Amino acid sequence: MISKKAKYAIKALKVLTEEYGKGPVLISYISAKENIPKKFLEAILLELRNHGILQSQKGKGGGYLLRVDPSRVNLAQVLRVIDGPIAPTPCVSFNFYVKCDDCDDEVTCALRPIMERVRDANLGVYENTSLTTFQSSASLPAK
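What counts, and where the lines are drawn
- Note on numbering: residues in each chain are counted from 1, in written sequence order.
- For a predicted model such as this one, the threshold for reporting local features is a pLDDT of at least 70, and the threshold for listing and counting side-chain atom pairs is 80 or more; totals across whole chains, interfaces and linings nevertheless cover every residue.
- Side-chain descriptors were evaluated using all non-hydrogen atoms of the structure, hydrogens and water having been removed beforehand.
- Each patch is built from residues that are more than 30% exposed by relative accessible area and take part in no salt bridge. Like charges join if they lie within 9 Å; nonpolar side chains (Val, Leu, Ile, Met, Phe, Trp, Tyr) join within 5 Å.
- Note that accessible areas follow from Shrake-Rupley with a 1.4 Å probe, and for residues the cover is restricted to the protein chains shown.
- Salt bridges are defined as contacts in which a side-chain nitrogen from Lys or Arg sits within 4 Å of a carboxyl oxygen from Asp or Glu.
- Secondary structure follows DSSP: runs of H or I at least 4 residues long count as helices, runs of E at least 2 residues long count as strands, and numbering of each begins at the N terminus.
- Think of it in three bands: with a 1.4 Å probe and only protein chains considered, a residue is buried below 20% of the maximum accessible area for its type, exposed above 50%, and partly exposed in between.
- Working rule for helices: expected span equals 1.5 Å times residues minus one.
- Here the aromatic set is Phe, Tyr and Trp, taking the six-membered ring for Trp, and pairing holds for ring centres within 6.5 Å; pairs whose planes are under 30 degrees apart are stacked, those over 60 apart are edge-to-face, and all others are tilted.
- A pair of strands counts as paired when DSSP detects no fewer than two bridges linking them.
- We call two residues in contact whenever any of their non-hydrogen atoms come within 4.5 Å of each other.
- Between the N-to-C directions of two axes lies an angle of 0 to 180 degrees, each axis being a line fitted to C-alpha atoms and, for a helix, fitted only over the stretch in contact.
- Here the word oblique covers every angle except those under 35 degrees (roughly parallel), over 145 (roughly antiparallel) and from 65 to 115 (roughly perpendicular).
- By convention, the crossing between two helices is left-handed when the near helix turns anticlockwise from the far helix through less than a right angle, and right-handed when the turn is clockwise.
- Under this grouping Gly is polar, as are all residues other than the nonpolar Ala, Val, Leu, Ile, Met, Phe, Trp, Tyr, Cys and Pro and the charged Asp, Glu, Lys and Arg.

Asker: I'm lost on a nonpolar patch on the surface in this one. Help?
Answerer: Judged by side-chain polarity, L111, I114 and V118 come together as a nonpolar surface patch covering roughly 240 Å² of accessible area. Along the chain, I114 falls in helix α5 (residues 112–127). Assessed through its relative accessible area of 42%, I114 is described here as partly exposed.

This is the structure in structure tokens:
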């Protein structure tokens, strides 16, 4: 399950994708449009900026905007910035691997192959969903 912070980050990025190419967007606009607490949103946008997804401009006409084309940012990148590992268990994580402390042998672990499949299924969706998905609800894949 993704965190509320990640959900807010995705909602904010949806707004910034809709406004892409039009200049900086005010935090207050994003906050009001997506019903995100302003202070919480400020911290989220700063984190996304510090990881190179957003850029900010100060002063009159300032705000936040996407640093790169929305087609080049996928949900896996966003979730890793905000929530950290995507994998359901640390022993199957690509970027945050840690051996499970209660596991004697990963090779014979009955749970590990299942968790690898869960990780791969999630990554398949997250990595193949760019921010451009939010430009039109018609582009959302059917179930």
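Having seen the model, we can carry on.
Asker: Help me understand helix α1 (residues 4–18) in this model?
Answerer: Helical geometry note: an α-helix holds 3.6 residues per turn, so side chains three or four residues apart project in the same direction. The end-to-end C-alpha distance of α1 is 21 Å, a good match for the 21 Å that 15 residues give at a rise of 1.5 Å each. Listed in full, the buried residues belonging to α1 are A6, Y8, A9, I10, A12, L13, V15, L16 and T17.

Asker: Before we go on, may I ask you to explain the packing of aromatic side chains in this structure?
Answerer: Summed over all chains, the structure comprises 1 aromatic pair. Measuring from ring centre to ring centre gives 5.6 Å for Y8 and F40, while their planes differ by 80°; the resulting arrangement is edge-to-face. A residue pair is termed long-range when its members are at least 10 positions apart, and Y8 in helix α1 and F40 in helix α3 (residues 38–50) qualify at 32 residues. Residue Y8 is classed as buried on the basis of its relative accessible area, which comes to 12%.

Asker: Explanation requested: the pairing of strand β2 (residues 63–66) in the structure shown.
Answerer: Residues in a regular strand point their side chains to alternate faces of the sheet. Residues G63 and L65 point to one face of β2 and Y64 and L66 to the other, with burial holding for every one of them. In this sheet, β2 lies alongside strand β1 (residues 54–57) in antiparallel orientation, the contact comprising 4 bridges. Paired with Q57 across the bridge in β2 is G63. The turn linking β1 back onto β2 is made up of 5 residues, and G59 within it adopts a positive phi angle of 90°.

Asker: Please clarify how the side chain of E34 should be interpreted in this entry.
Answerer: Relative to the elements of secondary structure, E34 occurs in helix α2 (residues 27–34). Apart from the residues lying within four places of it in its own chain, the contact partners of E34 are K11, K14 and V15.

Asker: So what exactly am I meant to see when it comes to the packing of α1 against helix α4 (residues 75–83) here?
Answerer: Each pair of packed helices gets described by two things: the angle between the helix axes and the distance between those axes. One can describe the packing of α1 onto α4 by two numbers: an axis separation of 9 Å at closest approach and a directional angle of 135°. Considering the angle they form, α1 stands oblique to α4. Like other packed secondary-structure pairs, α1 and α4 cross with a definite hand, here right-handed. Between α1 and α4, the residues in contact are K5, A6, A9, I10 and L13 and L75, V78, L79, I82 and D83, respectively. Here the contact of α1 with α4 is built from residues that sort into 8 nonpolar, no polar and 2 charged.

Asker: Please clarify how the environment of N74 should be interpreted in this entry.
Answerer: Mapping N74 onto the fold places it in the loop between β2 and α4. With a relative accessible area of 17%, N74 lands in the buried category. When the C-alpha atoms of N74 and R119 are compared, they prove to be 16 Å apart, with 45 residues separating the residues in sequence. Ignoring anything within four residues of it in the chain, the contact list for N74 reads Y126, E127, T129 and S130.

Asker: Can you help me understand unusual backbone geometry in this one?
Answerer: Phi is mostly negative for residues that are not glycine, and the peptide bonds are mostly trans. With phi around 55°, N35 is a residue other than glycine that occupies positive phi space. Tracing the sequence through the fold places N35 in the loop between α2 and α3.

Asker: Where do I start with the pattern of salt bridges in this structure?
Answerer: When the charged atoms of two side chains with opposite charge come close together, those side chains can pair. Within the structure shown, the criterion is met by 8 salt bridges. Between E18 and K33 there is a salt bridge, and its shortest N-O distance comes to 3.1 Å. Pair noted here: E18 is in helix α1 and K33 is in helix α2, with a separation of 15 residues, a long-range link. Of the residues examined, E18 reaches a relative accessible area of 26% and is grouped as partly exposed.

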